[in-house]
Amino acid sequence: QVQLVESGGGLVQAGGSVRLSCAASGRTFSTHAMGWFRQAPGKDREFVARISGTSGNTYYADAVKGRFTISRDNAKNTVYLQMSSLKPEDTAIYYCAAGRAYSYRLTTQEDVDGWGQGTQVTVSS
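Just so it is clear, the structure is predicted and the values come from calculations on it, not from any experiment.

(A) Structural detail: the sheet that holds strand E1 (residues 4–7). Strand order in this open sheet of 4 strands is E1-E3-E8-E7, and the pairing throughout is antiparallel. Two strands bound the open sheet, and with one partner strand each, they are E1 and strand E7 (68–73). For this sheet the average axis-to-axis angle between neighbouring strands, irrespective of direction, equals 15 degrees. As defined by bridge partners, E7 adjoins strand E8 (residues 78–83) across 6 bridges and the pair is classed as antiparallel. Bridge pairing in E8 links Arg 72 to Val 79.

(B) How the structure looks around the state of the cysteines. Under the definition given, this model contains 1 disulfide. Disulfide partner of Cys 22: Cys 96, at an S-S distance of 2.1 Å. Because the torsion about its S-S bond is -85 degrees, the bridge between Cys 22 and Cys 96 counts as left-handed. Here Cys 96 lies in strand E9 (residues 92–99) and Cys 22 lies in strand E3 (residues 18–24), a separation of 74 residues in the sequence. Each member of the pair, Cys 22 as well as Cys 96, carries the same accessibility label: buried.

(C) Spatial organisation of the side chain of Asn 77. Looking at the secondary structure, you find Asn 77 in the loop between E7 and E8. A distance of 2.8 Å separates a polar side-chain atom of Asn 77 from the backbone oxygen of Gly 26. For Asn 77, the contacting residues outside a window of four places in its chain are Cys 22, Ala 23, Ala 24, Ser 25, Gly 26 and Phe 29.

(D) Inspection of the environment of Val 12 at higher detail. Within the secondary structure layout, Val 12 lies in strand E2 (residues 10–13). Sequence spacing of Val 12 and Val 123 is 111 residues, and the spatial spacing of their C-alpha atoms is 5.0 Å.

(E) Looking closely at the nonpolar core. Residues Met 34, Trp 36, Leu 81, Met 83 and Tyr 94 are the most contacted members of the largest nonpolar core, which totals 35 residues. Of all the elements in the fold, those that place two or more residues in this core are E3, strand E4 (34–39), strand E5 (46–51), E7, E8, E9 and strand E11 (119–124). For this core, the element with the most residues is E9, which contributes 5 residues. Ignoring any residue separated from it by four or fewer positions in sequence, one finds Met 83 in contact with Gly 16, Ser 17, Val 18, Leu 20, Arg 67, Phe 68, Tyr 94 and Val 121.

Rules behind the numbers
- Sequence order as written defines residue numbering, which begins from 1 separately in each chain.
- A pLDDT threshold of at least 70 governs which residues receive local features in this predicted model, and a stricter bar of 80 or more applies before side-chain atom pairs are shown or counted, although totals over entire chains, interfaces and linings include all residues.
- Hydrogens and water are ignored here; the side-chain numbers use all heavy atoms of the structure.
- For two strands to be treated as a pair, DSSP must find no fewer than two bridges joining them.
- Secondary structure elements are defined from DSSP: runs of H or I of at least 4 residues count as helices, runs of E of at least 2 residues count as strands, and each element is numbered from the N terminus.
- Orientation is described by lines fitted to C-alpha atoms, with helices fitted over the stretch in contact, and by angles between N-to-C directions that extend from 0 to 180 degrees.
- By convention in this document, the label disulfide applies to cysteine sulfur atom pairs within 2.5 Å.
- Think of it in three bands: residues with accessible area under 20% of the maximum for their type are buried, residues over 50% are exposed, and the middle band is partly exposed, with areas taken using a 1.4 Å probe on protein chains only.
- Any N or O atom pair separated by 3.5 Å or less is treated as a polar contact, with the protein-specific requirement of one donor-capable and one acceptor-capable atom, and with residues adjacent in sequence counted only for side-chain atom pairs.
- Two residues form a contact once any of their heavy atoms are found within 4.5 Å.
- Take the buried Ala, Val, Leu, Ile, Met, Phe, Trp, Tyr and Cys residues and link them wherever side-chain atoms come within 4.5 Å; each set so joined is a nonpolar core.

In structure tokens:
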């Protein structure tokens, strides 16, 4: 199982930007699709973005499309989430997630093989 550690996040004003990073352990990083989910207070955890293991194909939730960019560096075992044009409704705990090895599926919690500990992003109006 891939072990994940997030960094980044914090308090940012509406319209601002922030970048999250997620460092993964293990030598099989490139075989896992990687993604980000988020959970706002009182709400269910929801899918944000996904990137495939080697082809770099990406997929985004409609709520963040055009504002967030997911990327990865397989040489550094790291996945990133660049968040721009932030809105107060983006306030949530953001979780890095690894899909199952050799599977492209990573849009529901059932697809997740491992979670990071979460990092708080707060967007002030």
